[in-house]
Amino acid sequence: MMQEHLTIVRHPLVQHKLTIMRDKATSTAGFRQLLREISQLLAYEVTRDLELSTRLIDTPVCEMEAPTLKGKKLALISILRAGNGLLDGVLELIPSARVGYIGLYRDEKTLQPVQYYYKVPDELGDRLVIALDPMLATGNSSVAAIDLLKKSGARNIRFLCLLAAPEGVARMREAHPDVPVITAALDERLNDKGYIVPGLGDAGDRMFGTK
Ligand code: URA
């Protein structure tokens, strides 16, 4: 059980890689590769308190009761489309995880998130659910995604991102105080276009090479 609502991963490798990702001179290929590497380091942090049990195995030398992850497989939920960038790296570290996708877009008139895709693993209530979205900006889509996961029965949820704005963290804390947020950095603010400042721009565009 994670105690803190907000965890900032201050590991030097994470901070170094994040700086290169923020630099607008970094190429699409470089950005993607760094995101994959950094997500593995963040995955290490978000899973550091997972419960273990043991199972009996034979080593080449003798039998032993060896530690193994307890309970049902984790569920990783990518919030489309930028969540997929985090998903790839996290899956490399936790290859047996179950995977779900949530697609949301913002209605131009109401500015509220609208769901266009939703497919998640079964028995969410029995799994640790890790929702993935690199940018926690206003928090609107993150809160909506967590609402949907809770409606599907999820009770043990963590939110993993790369950058967070204070506005998004506050919104998440208010709507979902039971969901710990794990991020590589807490930036200064949002600008009037909803971008994180100083940020890294549009994470989806940076990773997919779109504009
Ligand atoms: N989404 C992004 O990709 N970047 C931001 O700065 C804010 C939201």
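Residues numbered from 1 in each chain as written. Predicted model: local features only at pLDDT ≥ 70, side-chain atom pairs only at ≥ 80, totals over all residues.

Within an unreviewed UniProt entry, the label attached to the chain reads Uracil phosphoribosyltransferase, and the organism entered is Plastorhodobacter daqingensis. What the UniProt record of the chain gives under Pathway (unreviewed entry) is the line "Pyrimidine metabolism; UMP biosynthesis via salvage pathway; UMP from uracil: step 1/1." Under the UniProt heading Catalytic activity (unreviewed entry), the entry covering the chain gives this text: "UMP + diphosphate = 5-phospho-alpha-D-ribose 1-diphosphate + uracil". (UniProt positions renumbered as here; feature names shortened; annotations may be inferred.)

Once that is clear, we can look at the nonpolar core. In this structure, Ile77, Val129, Ile130, Ala131 and Leu132 are the most contacted members of the largest nonpolar core, which totals 54 residues. Top element by residues in this core is helix H2 (residues 28–46). It accounts for 7 residues. Here isoleucine 130 is in contact with Val46, Leu74, Leu76, Ile77, Arg158 and Leu160, once residues within four sequence places are set aside. (Core = buried A, V, L, I, M, F, W, Y, C linked by C-beta atoms within 7 Å. Buried ≥ 20, exposed ≤ 12 C-beta atoms within 10 Å, placed from the backbone. Helix = DSSP H or I, 4+ residues; strand = E, 2+ residues; numbered from the N terminus. Contact = placed C-beta atoms within 7 Å.)

Most peptide bonds take the trans form, and the phi angle of most residues other than glycine is negative. Across the junction of leucine 80 and arginine 81, the peptide omega takes the value -5°, indicating a cis bond. Summarising the element assignment, arginine 81 is placed in the loop between strand E4 (75–79) and helix H3 (83–93). A positive phi angle, close to 50°, is found at glutamate 123, a residue other than glycine. Here glutamate 123 lies in the loop between strand E6 (113–119) and strand E7 (128–132).

Moving on, we come to the site of the ligand. Taken together, Ala82, Met135, Ala137, Gly194, Tyr195, Ile196, Gly199, Asp202, Ala203 and Gly204 form the complete shell of residues around the ligand. Its residues assigned to classes, the shell around the ligand shows 6 nonpolar, 3 polar and 1 charged. (Near = placed C-beta within 6 Å. Nonpolar A, V, L, I, M, F, W, Y, C, P; charged D, E, K, R; others polar.)

On to the sheet that holds strand E10 (residues 163–164), then. Strand order in the open sheet made by the 3 strands is E8-E10-E12, with parallel pairing throughout. The open sheet has two edge strands with one neighbour each: strand E8 (135–136) and strand E12 (185–186). (Pairing = 2+ DSSP bridges.)

In the numbering used here, UniProt assigns the feature "binding site: uracil" (unreviewed entry) to Ile196, Gly201, Asp202 and Ala203. Secondary-structure assignment places isoleucine 196 in strand E14 (residues 196–197). Each residue touching isoleucine 196, except ones within four places of it in the same chain, is listed here: Met135, Ala137, Leu163, Ala165, Asp187 and Leu190. With respect to the element layout, aspartate 202 can be found in the loop between E14 and helix H6 (203–208).

UniProt records the feature "domain: Phosphoribosyltransferase" (unreviewed entry) for residues 9–210 in the present numbering. Secondary structure within residues 9–210 divides into 34% helix and 29% strand; the distance between the first and last C-alpha atoms comes to 28 Å.

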